[in-house]
Amino acid sequence: MSEDLKIAVIGATGAVGEAMLSILAEYGYGKSSVHALASEASLGKTVEFGHRTLAVDVLDDFDFSGTDFALFSAGAGVSLKHAPRACEAGAIVIDNTSAFRLDDHIPLVVPEVNGDLLDQASRGSIIANPNCSTIQMLVAVAPIHSAAGIDRINVATYQSVSGAGTKGMAELARQTMDRLTFKEVSPDVFAQPIAFNAIPLIDSMQENDYTREEMKLHWETRKILGDDRIRVNATAVRVPVFFGHSEAIHLETVRDISIEKVREVLAEAPGLELVTDAGPAEQVTAVTHAAGKDAVFVSRLRRDLSHPRGINLWVVGDNVRKGAALNAVQILDRIQHTTG
């Protein structure tokens, strides 16, 4: 039963950690023994968990003995240091950082896509949560891959500032006010001003002139779909939106598939809402559809005029919710209902 579980949320004072606590309460874990953990700098703070308020404990001092699930979202360095400690104590670690995503021995899971990998999860194991932009893209394209195979994906992401955490959101708010009051704008979190701008660089630049954020889409897509033949060409852009990532996806299938069949498989796909025959006011956007919602939304589905097996679609999702916190809780929930 969920009320018998001991759950630790690491990074509880961050945007994703707070969302994890909220979603755990929504998903029926409100009576569980939940521990909110963060660095020593957060000692004395409190966080909301359903109708309860939790005191924040220091991660370095926490004893994971008896912990059933440990949800990490406090940075890769923290996960590399403390996730093995949680595993040794018998917890199932669900990690939302980049620390373990590309480890061949650790499953990288989007429950709607490859949730079957969770059926064998055991105590002391680690499950990796994919990058936020990867999660929403694969919820949308995996059904097409199952129906006709995917040869190649071209994707441009338009990513909100919440992907850079609370500091990123504060910077957008501050710069917006500065712009509107004709003050000088000085960037701190981002390399260039983000207010009323679009920055074509997220994460560090790699030797191949792609950013690490762009390469994550390439690496993670292949691992999750289990197909190293899929080619992913990505451009990641930071945009002045608080919550919700948007993606313009252009894919090429291996086998012929009609656009009507694509529409059918997307309409039946779990975790996805397809909006068809929409007028200008109904096209899905990060603000009007995705923010605060569990689902990934798709509109602008159409045949690519430049390729005989090409398909275009516009995809939006809440990067903090589905792109991080909800995906982790869905992993926990599936494991609990499989083994609990």
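Only a predicted model underlies this, so the values are computations on that prediction, with no experimental measurement involved. (Residues numbered from 1 in each chain as written. Predicted model: local features only at pLDDT ≥ 70, side-chain atom pairs only at ≥ 80, totals over all residues. Heavy atoms only, no water.)

## Things to note about the packing of aromatic side chains
Okay, so step 1: Going through the model one piece at a time under the given rule, you end up with three aromatic pairs.
Okay, so step 2: On the numbers, 6.4 Å between centres and 25 degrees between planes, the contact of phenylalanine 64 with phenylalanine 72 is stacked. Neither phenylalanine 64 nor phenylalanine 72 differs from the other in exposure class; each is buried.
Okay, so step 3: An aromatic cluster of three or more residues is present, and its members are Phe62, Phe64 and Phe72. (Phe/Tyr/Trp six-rings, centres within 6.5 Å; stacked < 30°, edge-to-face > 60°. Buried < 20%, exposed > 50% of the residue type's maximum accessible area, 1.4 Å probe, protein only.)

## Section: helix 6 (residues 212-225)
Okay, so step 1: Here helix 6 contains 14 residues, and its C-alpha end-to-end distance of 20 Å stays within 8% of the 20 Å for a straight helix at 1.5 Å per residue.
Okay, so step 2: Buried residues dominate helix 6, accounting for ten of its 14 residues.
Okay, so step 3: Listed as buried for helix 6 are Glu213, Glu214, Met215, Lys216, Leu217, His218, Glu220, Thr221, Ile224 and Leu225.
Okay, so step 4: Elements that come into contact with the buried residues of helix 6 comprise helix 3 (111-114), helix 4 (132-148), strand 8 (150-159) and strand 9 (231-238).
Okay, so step 5: Positive phi appears at glycine 226, one or two residues downstream of helix 6, with a value of about 65 degrees. (Helix = DSSP H or I, 4+ residues; strand = E, 2+ residues; numbered from the N terminus. Expected span 1.5 Å × (residues − 1). Contact = heavy atoms within 4.5 Å.)

## Comments concerning helix 2 (residues 76-88)
Okay, so step 1: Between its first and last C-alpha, helix 2 extends 18 Å over 13 residues, near the 18 Å set by a 1.5 Å rise per residue.
Okay, so step 2: The axis of helix 2 is deflected most strongly, by about 35 degrees, at histidine 82, and proline proline 84 appears within four residues downstream.
Okay, so step 3: Those residues of helix 2 not exposed but buried are Ser79, His82, Ala83, Ala86 and Cys87.
Okay, so step 4: On its buried side, helix 2 packs onto strand 5 (69-72), strand 6 (92-95) and strand 7 (126-128).
Okay, so step 5: Following helix 2 by one or two positions, glycine 90 has its phi on the positive side, about 100 degrees. (Bend = angle between axes of the 7 residues up to and from the residue.)

## Let's talk about the sheet that holds strand 12 (residues 296-303)
Okay, so step 1: The six strands are arranged 9-8-10-13-12-11 in an open sheet whose pairing can be described as mixed. Only two strands of the sheet have a single neighbouring strand rather than two, namely strand 9 and strand 11 (272-274). Each adjacent strand pair in this sheet contributes to an overall mean axis angle of 20 degrees, direction not counted.
Okay, so step 2: Two elements, strand 8 and strand 10 (residues 245-253), share eight bridges in a ladder whose sense is antiparallel. In the sheet register, arginine 152 faces strand 10, and the bridge partner there is glutamate 252.
Okay, so step 3: Lying over the sheet, helix 7 (residues 259-267) contacts strand 11, strand 12 and strand 13 (310-317), oriented at roughly 175 degrees with respect to strand 12. (Pairing = 2+ DSSP bridges. Axes fitted to C-alpha atoms, helices over the stretch in contact; angles between N-to-C directions.)

## A word on the packing of helix 4 against helix 6
Okay, so step 1: Contact pair helix 4 / helix 6: the axes reach a minimum separation of 10 Å and the direction vectors enclose 40 degrees. Put simply, helix 4 runs oblique to helix 6. The interaxial crossing formed by helix 4 with helix 6 has right-handed handedness. Each of Ser133, Thr134, Met137, Leu138, Ala142 and His145 in helix 4 lies in contact with helix 6, whose residues at this interface are Glu213, Lys216, Leu217, Glu220, Thr221, Ile224 and Leu225.
Okay, so step 2: Split into classes, the residues belonging to the contact of helix 4 with helix 6 amount to six nonpolar, four polar and three charged. (Parallel < 35°, antiparallel > 145°, perpendicular 65-115°, else oblique. Left-handed = near helix turned anticlockwise from the far one by under 90°. Nonpolar A, V, L, I, M, F, W, Y, C, P; charged D, E, K, R; others polar.)

## Brief notes about the packing of helix 4 against helix 7
Okay, so step 1: Helix 7 packs onto helix 4 with a crossing angle of 125 degrees between their chain directions and a minimal axis gap of 9 Å. The orientation of helix 4 with respect to helix 7, classified from their angle, is oblique. Between helix 4 and helix 7 lies a crossing of right-handed hand. Seen from helix 4, the contacting residues are Ala140, Pro143, Ile144 and Ala147; seen from helix 7, they are Val262, Val265 and Leu266.

## Examining the side chain of glutamate 252
Okay, so step 1: Here glutamate 252 lies in strand 10.
Okay, so step 2: With near-sequence residues (within four places) excluded, glutamate 252 lies in contact with Ile150, Asp151, Arg152, His307, Arg309 and Gly310.

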